[in-house]
Structures are given as structure tokens and as C-alpha cells.
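# Residue-level structure breakdown
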Amino acid sequence: MFADKDIAKFNNIETPFYYYDTDLLQKTLEACASAAKPYGFHIHYALKANFNPVILDQIKTIGFGADCVSAGEVRRAVEVGFENKKIVFAGVGKSDKEINEALDLDIFCFNVESIQELEVLNELATAKRKTAQIAIRINPNVDAHTHHNITTGLDENKFGINSWDLPACAEVLKASTNLAFLGIHFHIGSQITNLDVYKNLCVRVNEFCNWFEDKGFTVAVLNVGGGLGIDYHHPDHQIPDFKAYFKIFNDFLEIKANQEVHFELGRALVGQSAALITRALYIKNGKKKNFVVLDAGMTELMRPALYQAYHKIENLTRGHGNDLRYDIVGPICESTDCFGKEVEQPESFRGDVFAIRSAGAYGEVMASKYNLRDEIRSVYSSEI
Ligand code: LLP
């Protein structure tokens, strides 16, 4: 990802910052779009992975819709120019204010996560004399075999409507005057690398689709969510295998005539396109441990502290090498503020520039103000 000329330019830019490789992003988006095209699959990009307007503009231009989980994200999608009729709004806890705002914007679909939410949405839509298009988010109880903090499709998770509540859900739907049933929605987790998981999901989607059709509903949309993982250990093998991913859904879903299949990919589209660029402030060589103290920390990239997530760390100034082992830490007053323990690196010095790779998804968007840190900046390959 990094040519020598990039590294030379990084030396002149104040750290820390997110560096976006917009060419790689473009290639990834095109690979995804062209893999989905033969099947006529629809993609709504999950804004939660990265809602940086420059990145969103590129994603919108490729023709994808937007998957949002707050009124703020819906607003951002509209501002950036996503078509309102290509915006879906999911989330287990949409407030009345958020629902009203999305109703006013005439978005494509609300992915509804509880029976009570159906009732509230019907009431609010009735008050506005509008009809809200909805999909029922079902919790299919399929194990995503990923980190437990980012698993969402098991009975024990808070997301979606459980199968045993579907008969009551169907009754409420039938009685709702201002809701239009579009289809069913699923999302079983994130950073899924075992594609067999999706075969199991397809089997469940077919069962639920038949259940709704048997009850007299027309299921026009099957929304299978997102979750496709990326290879954090090999950030230079950058583009996920979208062809293999979509083929599974084509092979295992029983897609009916006129039925649309929708996806909500986030990480797989943006994850490899950014690195957090940071500088070594201090080197502390102890008896038991060597530390590199960086000028970026958990406030800029929270994933390692929150999920013990692995991100590859490279000393760009010194190049490859495994002379020493370091704990690579940030400046925040928390012991979990650590990007990696006992990481093999070339001997490192104050001022060395480091890249923390695969930081395009759930990086910049999860940055926090903790310790009253400066807001993290972004730099784009197209501008340096
Ligand atoms: N659709 C729904 C309903 C979701 O909840 C999510 C992610 C997505 C789509 C997009 O999933 P993706 O394709 O990006 O895996 N902060 C965590 C990830 C949380 C994912 C939340 N939901 C992390 O840093 O790993």
C-alpha cells in the first residue's frame, strides 16, 4: 500500500491522521459492484463502518444505496446525495424523533426490530398520513462464528424479532393501516470469514420467507445484511472475495420471481482502504518490556482496546525487520490503550512513522473525545 514517495510525504504531515487510499477504495467498490451485477443483487453500504463524506461521495457515485442506524446517518446519507429511495433505516432503538425525521424524508424502508416498534411506526406514519415501507428484522439464531462482541444473530442477542414472536408480528402487520410490508431482514454479525456461515443463513432465510408467504404476505425483498470480513493479517491482499460471497447467496437462497436480494456491506468495502498514520513519541526500553509510545491511541482507533482486535503495525521509517519486540501503546491514561503486545519490529526510534493498517472500517467513526484529544484528521491519497 505504501510507496516510498508516500512515506516521504507522511514525514511532512502532522500526525496522527487517517490516510485513505482512494484508488484502492475505488477498486474495491468496483470489484463488489461487478460481482453483484450478474445476479442483480442490490447493495446498501452500511454507513456505520465509515461516514466520512469524502468516502461516502465515492460510494454513492458507484450507485450503492445507504444502510443507516440513526437519524444522523440518514441525514448524512441524504446530504451526501444518496437517493432517499435507496436509504434503509435499521436499529433496535429508533426514537420517535428519528422515525419522524425518516418518515419526512420518505426513505425506502424501515428495518423493524420489535413488535412494539411496528406499533409505534404505524402510529407515527398514520399521524403524518404516510405509509411506511418496512422489512421485519428476524433473529435467525445462526452462529456467525466471529468475536462474541460483534455477533448479532443468536437468541441471546438483542437484535431482531425472534421466531417465536413472528405469529404475533404477523397479526400486528395485518392490523397496521399505514405500514407496507416489503420483506425480511437479517444481519448475523460482523467480520465473518467462514463463508459456510452464510449457507446456514440462507437456509433460515428460505424457511422464514416461506413462512411469511404461507401467511399470505408477499416477500418482495430478502435483505441478508452484511458482515463479510477482511484479512487483518494480510492487509496487502486487499480486495475481499466478493464473487465467492455473492455466489453462495445465489446458490443457496431460493429466490422467487420478482424478489430482490439486498446486502448491507460495510467493513468489506472500506476496511483496507485506510491506515492510521502515527509517530513514535517515545521509546521506553525496560528490563522486561520495550514500549513504543505513539501519538495515536484508543481515542483514534478503539478496536484493539474494545475487542482486542488485531491490526497489523508497520514501522514505515525503518521498513521490515523483527529485531525487537515492543508493546505498541498510545498516550491515553488507560492500560487497555495498546495496539499490540510483543510485536516484532525493527529497532524503533523517536520520530519514526508507523502505520496501523486495515483501519478504514470502524476506525475514524469510533474515535472519541476522551482526554479531550484533538479531533483526528483525514488525508486522502488523491490530495498528497
Ligand atoms: N447491517 C446491520 C444491521 C449491522 O448491524 C451491521 C454492522 C452491518 C449491516 C454492517 O456490517 P459489516 O459489513 O461492516 O460487518 N464496531 C465493530 C463492528 C460492529 C458492526 C455492527 N453492525 C468492529 O469494529 O468490529
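Shown above is the structure to which this text applies.
Quick look at the structure, then. Just so you know, the residues in each chain are numbered from 1, in the order the chain's sequence is written. pLDDT decides what is reported in this predicted model: residues at 70 or higher carry local features, side-chain atom pairs at 80 or more are listed and counted, and totals for whole chains, interfaces and linings draw on all residues regardless. Side-chain numbers come from the whole structure's heavy atoms, not from hydrogens or water.

For Phe, Tyr and Trp, where Trp contributes only its six-membered ring, two rings pair if their centres lie within 6.5 Å, and the inter-plane angle classes them as stacked under 30 degrees, edge-to-face over 60, or tilted in between. Taken as a whole and judged by the stated rule, the model has 22 aromatic pairs. Each ring, one from F212 and one from F217, has its centre 5.6 Å from the other, and the planes form 70°; the classification is edge-to-face. Taken individually, F212 and F217 each receive the classification buried, so the pair is uniform in this respect. Geometrically, the ring pair formed by Y245 and F246 is tilted, given 5.1 Å between the ring centres and 55° between the ring planes. The burial state of Y245 is the same as that of F246; both residues are buried. Put simply, the rings of Y39, F41, Y198, Y245, F246, F249 and F263 pair up and form one aromatic cluster. Look at NZ for Lys and CZ for Arg. If either is within 6 Å of the ring centre and within 35 degrees of the ring normal, a charge sits over the ring. Taking the ring centre of F89 as reference, the NZ or CZ of K94 above it sits at 5.6 Å. Three exposure classes are used, based on accessible area relative to the maximum for each residue type with a 1.4 Å probe and protein chains only: buried under 20%, partly exposed in between, and exposed over 50%.

This next bit is on the nonpolar core. Take the buried residues of types Ala, Val, Leu, Ile, Met, Phe, Trp, Tyr and Cys, join any two whose side-chain atoms come within 4.5 Å, and each joined set is a nonpolar core. F110, I134, I136, I184, F212, F246 and F249 are the most contacted members of the largest nonpolar core, which totals 101 residues. Runs of E in the DSSP output that reach at least two residues are strands. Runs of H or I that reach at least four are helices, and both are numbered from the N terminus. Per element, the largest residue contribution to this core is eight residues, and it comes from helix α8 (residues 196-214). Should any heavy atoms of two residues lie within 4.5 Å, those residues are counted as being in contact. Non-local contacts of F110, meaning those with residues more than four positions away in its chain, are made with F89, K94, I99, A102, L103, L121, A132, Q133, I134 and A135. A275, I277, V353 and V379 belong to the second largest nonpolar core, which has twelve residues in total.

With that settled, the discussion passes to the packing of helix α5 (residues 96-104) against helix α6 (residues 115-127). Axis geometry follows a simple rule: fit a line to the C-alpha atoms, using only the stretch in contact for helices, then measure angles between N-to-C directions, giving values from 0 to 180 degrees. The interhelical angle for the contact between α5 and α6, taken along N-to-C directions, is 50°, at an axis separation of 10 Å. Classed by the angle they form, the pair α5 and α6 counts as oblique. Where α5 crosses over α6, the handedness of that crossing is right-handed. Contacts from D96, I99, N100 and L103 of α5 reach α6 at V120, L121, L124 and A125. Just so you know how the angles are binned, under 35 degrees is roughly parallel, over 145 roughly antiparallel, 65 to 115 roughly perpendicular, and the rest oblique. When the near helix sits turned anticlockwise from the far one by under a right angle, the crossing is termed left-handed; a clockwise turn instead gives a right-handed crossing.

Our next topic: the pattern of salt bridges. Within this document, salt bridges are pairs made up of a side-chain nitrogen of Lys or Arg and a carboxyl oxygen of Asp or Glu, the two lying within 4 Å of each other. Inspection of every chain in the model, using the stated rule, returns 20 salt bridges. Residues K86 and E83 are paired through a salt bridge, measuring 4.0 Å at the closest nitrogen-oxygen approach. Judged by its relative accessible area of 29%, K86 falls in the partly exposed class. Overlapping salt bridges bring together D236, K312, E314 and R357 as one network.

So, on to the side chain of E314. Tracing the chain through its elements places E314 in strand β13 (residues 313-315). E314 has contacts with F2, Q345, V353, F354, A355 and R357, leaving out every residue within four places of it along the chain.

The environment of the ligand is made up of 18 residues, and the closest members are S190, E264, R303, Y307 and Y362. Counted as a polar contact is a pair of N or O atoms within 3.5 Å, where, for protein atoms, one must be capable of donating a hydrogen and the other of accepting one, and residues adjacent in sequence contribute only when both atoms are in side chains. Between an oxygen atom of the ligand and a side-chain N or O atom of R303, the distance comes to 2.6 Å. A distance of 2.8 Å separates a nitrogen atom of the ligand from a polar side-chain atom of Y307. Taken by itself the ligand offers 590 Å² of open surface, and the protein chains cover 91% of this. Grid points spaced at 1 Å over the protein atoms alone were grouped into cavities, where a 1.4 Å probe fits but cannot get out, and pockets, open sets with protein on both sides within 12 Å along at least five of seven lines, with lining residues defined by an atom within 4 Å of a point. Cavities and pockets are treated as containing a molecule whenever more than half of the molecule's atoms lie within 2 Å of their grid points. At a threshold of 2 Å from the grid points, most atoms of the ligand map onto the largest pocket. Residues are grouped as follows: Ala, Val, Leu, Ile, Met, Phe, Trp, Tyr, Cys and Pro are nonpolar; Asp, Glu, Lys and Arg are charged; all remaining types, including Gly, are polar. Looking at the shell around the ligand residue by residue, the classes come out as six nonpolar, six polar and six charged. Summary of the distance rule: residues count as near a molecule or strand when at least one heavy atom falls within 4 Å of that molecule or strand. Working definition of accessibility: Shrake-Rupley area with a 1.4 Å probe, residue cover restricted to the visible protein chains.

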